[in-house]
Amino acid sequence: MNVGKDAEMKFYVSVDMEGIAGIVMREQLIPGERLYEEARVLLTNEVNAVVQSLVDIGASQVVVKDAHYFGLNLLINQLHPAADYCFGGLKASERFAGLDSSFDGALLIGYHAMAGTQRAIRDHTMTAVHWQRLELNGQSIGEIGLDALLFGLYGVPVLLVTGDDKTCSEAKSYLPEVTTYQTKKAYGRHAGLIRSPKSVYAEYPTIIERAVQNKAKCAPFQMNGPFELAIRYTSTDLLDGRYFDGVKDKRIDGQSVVYSDASLLELLNRVM
Ligand SMILES: [Zn+2]
(Lines give C-alpha, C1' and ligand atoms only; values in the text may rest on other atoms or scores of the structure.)
Protein backbone atom coordinates (compact mmCIF):
# COMPACT_ATOMS: atom_id res chain seq x y z
CA MET A 1 0.00 0.00 0.00
CA ASN A 2 1.17 3.51 -0.78
CA VAL A 3 1.01 6.10 1.97
CA GLY A 4 0.02 9.48 0.53
CA LYS A 5 1.00 8.39 -2.95
CA ASP A 6 -0.09 11.65 -4.57
CA ALA A 7 1.80 14.02 -2.30
CA GLU A 8 5.50 14.87 -2.43
CA MET A 9 7.14 13.12 0.50
CA LYS A 10 10.61 14.04 1.72
CA PHE A 11 12.48 12.21 4.46
CA TYR A 12 15.71 12.90 6.31
CA VAL A 13 17.41 9.76 7.64
CA SER A 14 20.14 10.11 10.26
CA VAL A 15 22.18 6.95 10.73
CA ASP A 16 24.41 6.07 13.64
CA MET A 17 26.23 2.76 13.91
CA GLU A 18 25.88 1.45 17.47
CA GLY A 19 22.25 0.42 17.06
CA ILE A 20 22.62 -1.20 13.63
CA ALA A 21 21.63 -4.89 13.50
CA GLY A 22 24.62 -7.14 14.27
CA ILE A 23 26.74 -4.50 16.02
CA VAL A 24 27.70 -4.95 19.64
CA MET A 25 31.48 -4.46 20.06
CA ARG A 26 33.80 -1.49 20.09
CA GLU A 27 35.96 -3.16 17.40
CA GLN A 28 33.06 -2.83 14.97
CA LEU A 29 32.78 0.91 15.48
CA ILE A 30 36.22 2.43 15.16
CA PRO A 31 37.96 2.91 11.78
CA GLY A 32 41.05 0.69 11.57
CA GLU A 33 39.81 -1.84 14.11
CA ARG A 34 39.60 -5.54 13.22
CA LEU A 35 35.82 -5.77 12.71
CA TYR A 36 35.12 -2.28 11.36
CA GLU A 37 35.12 -3.09 7.63
CA GLU A 38 32.62 -5.92 8.12
CA ALA A 39 30.45 -3.61 10.22
CA ARG A 40 30.39 -1.04 7.42
CA VAL A 41 28.72 -3.69 5.26
CA LEU A 42 26.06 -4.17 7.95
CA LEU A 43 25.54 -0.41 8.16
CA THR A 44 25.27 -0.02 4.38
CA ASN A 45 22.87 -2.97 3.98
CA GLU A 46 20.57 -1.61 6.67
CA VAL A 47 20.58 1.90 5.24
CA ASN A 48 19.80 0.50 1.79
CA ALA A 49 16.84 -1.43 3.25
CA VAL A 50 15.57 1.80 4.84
CA VAL A 51 15.94 3.82 1.61
CA GLN A 52 14.21 1.09 -0.43
CA SER A 53 11.34 0.99 2.09
CA LEU A 54 10.91 4.77 1.79
CA VAL A 55 10.93 4.54 -2.00
CA ASP A 56 8.32 1.77 -1.82
CA ILE A 57 5.88 4.00 0.05
CA GLY A 58 6.35 6.81 -2.45
CA ALA A 59 9.13 9.02 -1.05
CA SER A 60 10.11 11.67 -3.59
CA GLN A 61 13.34 12.64 -1.81
CA VAL A 62 15.52 10.91 0.78
CA VAL A 63 18.64 12.37 2.38
CA VAL A 64 20.83 10.14 4.54
CA LYS A 65 23.22 11.62 7.10
CA ASP A 66 26.13 9.38 8.15
CA ALA A 67 26.19 10.44 11.81
CA HIS A 68 28.80 8.06 13.25
CA TYR A 69 32.35 9.06 14.18
CA PHE A 70 33.78 11.40 11.50
CA GLY A 71 30.71 10.88 9.32
CA LEU A 72 32.07 8.60 6.63
CA ASN A 73 31.28 4.97 7.36
CA LEU A 74 28.86 3.97 4.60
CA LEU A 75 30.35 2.07 1.65
CA ILE A 76 30.04 4.63 -1.10
CA ASN A 77 30.04 2.19 -4.04
CA GLN A 78 27.14 0.25 -2.58
CA LEU A 79 24.80 3.11 -1.72
CA HIS A 80 21.18 2.92 -2.80
CA PRO A 81 20.86 5.24 -5.83
CA ALA A 82 17.58 6.79 -4.72
CA ALA A 83 19.03 8.88 -1.87
CA ASP A 84 21.52 11.71 -1.38
CA TYR A 85 24.14 11.32 1.32
CA CYS A 86 25.50 13.80 3.84
CA PHE A 87 29.08 12.94 4.85
CA GLY A 88 31.50 14.54 7.25
CA GLY A 89 30.87 16.59 10.36
CA LEU A 90 30.51 20.31 10.97
CA LYS A 91 28.95 22.32 13.73
CA ALA A 92 25.42 21.71 15.00
CA SER A 93 23.77 24.10 12.56
CA GLU A 94 25.23 22.09 9.68
CA ARG A 95 24.88 18.61 11.17
CA PHE A 96 22.00 17.87 8.80
CA ALA A 97 23.03 19.52 5.53
CA GLY A 98 20.11 20.40 3.27
CA LEU A 99 17.53 20.13 6.06
CA ASP A 100 14.66 22.59 5.84
CA SER A 101 11.02 22.74 6.82
CA SER A 102 9.87 21.04 3.61
CA PHE A 103 10.80 17.59 4.98
CA ASP A 104 7.88 15.44 6.14
CA GLY A 105 9.77 13.51 8.77
CA ALA A 106 13.07 12.31 10.18
CA LEU A 107 14.15 8.73 10.88
CA LEU A 108 16.89 7.98 13.41
CA ILE A 109 18.37 4.61 12.42
CA GLY A 110 20.91 2.59 14.44
CA TYR A 111 20.89 4.98 17.40
CA HIS A 112 22.00 4.23 20.97
CA ALA A 113 21.08 5.19 24.53
CA MET A 114 22.52 8.23 26.31
CA ALA A 115 25.76 8.10 28.31
CA GLY A 116 25.36 6.28 31.62
CA THR A 117 22.37 4.12 30.65
CA GLN A 118 22.54 0.72 32.33
CA ARG A 119 22.76 -2.37 30.08
CA ALA A 120 22.75 -0.44 26.80
CA ILE A 121 25.01 -1.26 23.87
CA ARG A 122 27.73 1.42 23.56
CA ASP A 123 25.79 4.00 25.59
CA HIS A 124 27.33 7.47 25.17
CA THR A 125 26.48 11.01 24.17
CA MET A 126 28.29 12.40 21.11
CA THR A 127 31.72 11.53 22.46
CA ALA A 128 32.33 8.66 24.85
CA VAL A 129 35.81 10.04 25.44
CA HIS A 130 34.86 13.56 26.55
CA TRP A 131 31.27 13.76 27.82
CA GLN A 132 29.91 11.79 30.73
CA ARG A 133 26.47 13.35 31.23
CA LEU A 134 24.34 16.12 29.70
CA GLU A 135 21.31 17.95 31.02
CA LEU A 136 19.37 20.45 28.97
CA ASN A 137 17.21 22.76 31.11
CA GLY A 138 17.40 20.22 33.92
CA GLN A 139 16.43 17.22 31.79
CA SER A 140 18.89 14.43 30.98
CA ILE A 141 19.49 14.28 27.27
CA GLY A 142 21.38 12.10 24.78
CA GLU A 143 21.79 11.99 21.03
CA ILE A 144 18.18 11.00 20.32
CA GLY A 145 16.93 14.09 22.16
CA LEU A 146 19.56 16.46 20.74
CA ASP A 147 19.00 15.33 17.15
CA ALA A 148 15.21 15.40 17.59
CA LEU A 149 15.59 19.02 18.77
CA LEU A 150 17.69 19.92 15.72
CA PHE A 151 14.97 18.49 13.46
CA GLY A 152 12.38 20.23 15.65
CA LEU A 153 13.97 23.63 14.91
CA TYR A 154 12.73 23.13 11.33
CA GLY A 155 9.36 21.77 12.44
CA VAL A 156 10.30 18.27 11.25
CA PRO A 157 8.98 15.45 13.49
CA VAL A 158 10.94 12.26 14.20
CA LEU A 159 8.83 9.35 12.94
CA LEU A 160 11.02 6.32 13.67
CA VAL A 161 13.88 5.46 16.04
CA THR A 162 15.73 2.12 15.77
CA GLY A 163 18.39 0.53 17.97
CA ASP A 164 18.52 -1.63 21.10
CA ASP A 165 15.72 -1.86 23.67
CA LYS A 166 17.15 1.01 25.81
CA THR A 167 17.33 3.25 22.73
CA CYS A 168 13.66 2.54 22.03
CA SER A 169 12.54 3.35 25.57
CA GLU A 170 14.67 6.52 25.68
CA ALA A 171 13.07 7.66 22.40
CA LYS A 172 9.59 7.12 23.85
CA SER A 173 10.48 9.23 26.90
CA TYR A 174 10.86 12.36 24.69
CA LEU A 175 8.67 11.41 21.75
CA PRO A 176 5.70 9.46 23.11
CA GLU A 177 4.09 8.85 19.69
CA VAL A 178 7.23 7.89 17.77
CA THR A 179 7.43 4.41 16.24
CA THR A 180 10.39 2.42 17.59
CA TYR A 181 12.00 -0.74 16.29
CA GLN A 182 14.34 -2.97 18.26
CA THR A 183 17.28 -4.48 16.38
CA LYS A 184 18.74 -6.14 19.51
CA LYS A 185 18.23 -6.49 23.26
CA ALA A 186 21.14 -5.19 25.31
CA TYR A 187 22.47 -7.12 28.30
CA GLY A 188 25.52 -4.97 28.82
CA ARG A 189 27.62 -2.31 27.12
CA HIS A 190 29.14 -5.04 24.94
CA ALA A 191 26.60 -7.86 25.27
CA GLY A 192 23.22 -8.48 23.76
CA LEU A 193 20.71 -10.76 22.15
CA ILE A 194 21.13 -9.95 18.48
CA ARG A 195 18.56 -10.36 15.72
CA SER A 196 19.74 -11.62 12.36
CA PRO A 197 20.45 -8.58 10.16
CA LYS A 198 18.62 -10.25 7.25
CA SER A 199 15.43 -10.56 9.29
CA VAL A 200 15.73 -6.90 10.28
CA TYR A 201 16.07 -5.81 6.62
CA ALA A 202 13.01 -7.90 5.74
CA GLU A 203 10.94 -6.14 8.42
CA TYR A 204 11.82 -2.56 7.49
CA PRO A 205 9.15 -2.12 4.78
CA THR A 206 6.37 -2.84 7.30
CA ILE A 207 7.97 -0.81 10.09
CA ILE A 208 8.56 2.23 7.88
CA GLU A 209 5.09 2.13 6.39
CA ARG A 210 3.64 2.03 9.92
CA ALA A 211 5.92 4.86 11.11
CA VAL A 212 4.97 7.14 8.19
CA GLN A 213 1.25 6.36 8.55
CA ASN A 214 1.56 7.51 12.18
CA LYS A 215 3.02 10.90 11.14
CA ALA A 216 -0.03 13.00 12.04
CA LYS A 217 0.40 12.00 15.70
CA CYS A 218 4.11 12.91 15.86
CA ALA A 219 4.80 16.50 16.90
CA PRO A 220 8.20 18.09 16.21
CA PHE A 221 10.34 17.96 19.39
CA GLN A 222 10.73 21.55 20.57
CA MET A 223 11.69 23.26 23.84
CA ASN A 224 11.25 26.86 24.92
CA GLY A 225 14.34 28.96 25.69
CA PRO A 226 16.40 30.33 27.25
CA PHE A 227 18.59 27.24 27.29
CA GLU A 228 21.02 25.90 29.86
CA LEU A 229 23.14 22.91 28.97
CA ALA A 230 25.08 21.30 31.81
CA ILE A 231 27.87 18.98 30.68
CA ARG A 232 29.89 16.71 32.93
CA TYR A 233 33.20 15.94 31.25
CA THR A 234 35.19 12.75 31.73
CA SER A 235 38.30 14.48 32.98
CA THR A 236 39.41 17.81 34.48
CA ASP A 237 42.19 18.34 31.94
CA LEU A 238 39.62 18.69 29.15
CA LEU A 239 38.61 21.96 30.84
CA ASP A 240 41.80 23.26 32.42
CA GLY A 241 43.11 24.89 29.24
CA ARG A 242 39.85 26.58 28.28
CA TYR A 243 38.51 30.06 28.95
CA PHE A 244 35.15 30.48 30.66
CA ASP A 245 33.54 33.90 30.78
CA GLY A 246 31.60 33.00 33.93
CA VAL A 247 28.34 34.19 32.36
CA LYS A 248 27.48 32.21 29.23
CA ASP A 249 30.07 29.52 29.94
CA LYS A 250 30.44 28.73 33.63
CA ARG A 251 32.79 26.10 35.05
CA ILE A 252 30.91 24.66 38.03
CA ASP A 253 33.55 22.25 39.32
CA GLY A 254 36.54 20.28 38.07
CA GLN A 255 34.57 18.36 35.47
CA SER A 256 31.34 20.34 34.93
CA VAL A 257 30.38 23.33 32.80
CA VAL A 258 27.03 25.07 32.34
CA TYR A 259 26.57 26.73 28.94
CA SER A 260 23.67 29.11 28.43
CA ASP A 261 22.13 30.95 25.50
CA ALA A 262 18.78 32.27 24.30
CA SER A 263 19.23 30.32 21.05
CA LEU A 264 19.49 26.54 21.12
CA LEU A 265 21.39 26.50 17.84
CA GLU A 266 23.95 29.07 19.03
CA LEU A 267 24.39 27.04 22.20
CA LEU A 268 24.90 23.74 20.37
CA ASN A 269 27.23 25.37 17.85
CA ARG A 270 29.43 26.42 20.78
CA VAL A 271 29.64 23.02 22.42
CA MET A 272 29.39 20.45 19.58
ZN1 LIG B 1 28.05 6.43 16.71
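Residues numbered from 1 in each chain as written. Predicted model: local features only at pLDDT ≥ 70, side-chain atom pairs only at ≥ 80, totals over all residues. Heavy atoms only, no water.

(A) Geometry of the overall build of the chain. A count of helical and extended segments in the chain gives six helices and twelve strands. For the chain, whose C-alpha radius of gyration is 18 Å, the value lies close to the compact-globule estimate of 19 Å for 272 residues. The buried share of the chain, reckoned over its 272 residues, is 54%. A sequence separation of at least 24 residues applies to 68% of the contacts in the chain between residues at least 6 apart. Working note: accessible area of the chain is about 11900 Å², and carbon and sulfur atoms make up 50% of it. Considering the chain, the positive charge centre built from 27 side chains and the negative charge centre built from 33 side chains are found 4 Å apart. (Helix = DSSP H or I, 4+ residues; strand = E, 2+ residues; numbered from the N terminus. Rg over C-alpha atoms; globule rule 2.2 N^0.38 Å. Buried < 20%, exposed > 50% of the residue type's maximum accessible area, 1.4 Å probe, protein only. Contact = heavy atoms within 4.5 Å. Areas by Shrake-Rupley, 256 points an atom, 1.4 Å probe, with all protein chains shown as cover. Lys, Arg positive; Asp, Glu negative; His and termini not counted. Charge placed at Lys NZ, Arg CZ, Asp CG, Glu CD.)

(B) Summary view of the coordination of the zinc ion. In the first shell of the zinc ion, the protein supplies Asp16 (OD), Glu18 (OE), Glu18 (OE) and His68 (ND1), at 2.1 to 2.5 Å from the metal. What the four donor atoms of the zinc ion show is an angle range of 54 to 134 degrees at the metal, which sorts the shape as irregular. Linear spacing of the donor residues for the zinc ion on their chain is D-x1-E-x49-H. Of this pair, Glu18 sits in the loop between strand 1 (10-15) and helix 1 (36-56) while His68 sits in the loop between strand 2 (61-66) and strand 3 (84-86), and the two are 50 residues apart along the sequence. (Donors = N, O, S within 2.8 Å, 3.2 Å for Na, K, Ca; no water. Tetrahedral: all angles 85-135°; square planar, octahedral: opposite > 155°, others 65-115°.)

(C) Examining the pattern of salt bridges more closely. Evaluated as defined, the whole model comprises 13 salt bridges. Between Lys185 and Asp165 there is a salt bridge, with the nearest N and O atoms lying 3.7 Å from each other. Taken together, the residues Lys185 in strand 8 (residues 179-188) and Asp165 in helix 3 (residues 165-174) connect sequence positions 20 residues apart. Ionic pairing is found between Asp253 and Arg232, a salt bridge with its closest N-O pair at 3.6 Å. Separated by 21 residues along the polypeptide, Asp253 in strand 11 (residues 249-253) and Arg232 in strand 10 (residues 227-233) bring together distant segments of the chain. On the basis of relative accessible area, Asp253 is assigned to the partly exposed category, the value being 36%. Using a relative accessible area of 23% as the deciding quantity, one classes Arg232 as partly exposed. When salt bridges that share partners are traced, they join Lys248, Asp249, Asp261 and Arg270 into one network. (Salt bridge = Lys/Arg side-chain N within 4 Å of Asp/Glu carboxyl O.)

(D) Summary view of a nonpolar patch on the surface. A cluster of nonpolar residues, Leu72, Ile76 and Phe87, forms a patch on the protein surface that exposes about 270 Å² of accessible area. Its location among the elements puts Leu72 in the loop between strand 2 and strand 3. The exposure class assigned to Leu72 is partly exposed, which follows from its relative accessible area of 44%. (Patch = residues over 30% accessible without salt bridge, like charges linked within 9 Å, V, L, I, M, F, W, Y side chains within 5 Å.)

(E) Layout of the sheet that holds strand 4 (residues 105-111). Pairing in this open sheet of seven strands is mixed, and the strands run 3-2-1-4-7-8-9 from one edge to the other. Only two strands of the sheet have a single neighbouring strand rather than two, namely strand 3 and strand 9 (191-194). When the angles between neighbouring strand axes are averaged without regard to direction, this sheet yields 20 degrees. Across three bridges, the pairing between strand 2 and strand 3 is parallel. Bridge pairing in strand 3 links Lys65 to Cys86. The strands that helix 2 (residues 143-152) touches are strand 1, strand 4 and strand 7 (158-164); relative to strand 4, the one it contacts most, it runs at about 160 degrees. Against the sheet, helix 4 (residues 197-213) touches strand 1, strand 4, strand 7 and strand 8, its axis set at about 135 degrees to strand 8. (Pairing = 2+ DSSP bridges. Axes fitted to C-alpha atoms, helices over the stretch in contact; angles between N-to-C directions.)

(F) Just the nonpolar core, in detail. Counting residues in each nonpolar core, the largest one holds 42 residues, and the members touching the most others are Tyr12, Leu136, Phe151, Val158, Leu229, Ile231 and Leu268. Those elements that place two or more of their residues in this core are strand 4, strand 5 (131-136), helix 2, strand 7, helix 3, strand 10, strand 12 (256-261) and helix 6 (264-271). With six residues, the top contributor of residues to this core is helix 2. Each residue touching Phe151, except ones within four places of it in the same chain, is listed here: Tyr12, Ser14, Phe96, Leu99, Ala106, Leu108 and Val156. (Core = buried A, V, L, I, M, F, W, Y, C linked by side-chain atoms within 4.5 Å.)

(G) Structural detail: unusual backbone geometry. In this structure, the amide linkage connecting Gly225 to the following residue, Pro226, adopts the cis form with an omega of 0 degrees. With respect to the helices and strands, the residue Pro226 is situated in the loop between helix 4 and strand 10. Here Tyr69, not a glycine, exhibits a phi torsion of approximately 55 degrees, which is positive. Relative to the elements of secondary structure, Tyr69 occurs in the loop between strand 2 and strand 3. The residue Arg122 is not glycine, and still its phi comes out positive at about 55 degrees. By the secondary structure assignment, Arg122 is in the loop between strand 4 and strand 5.

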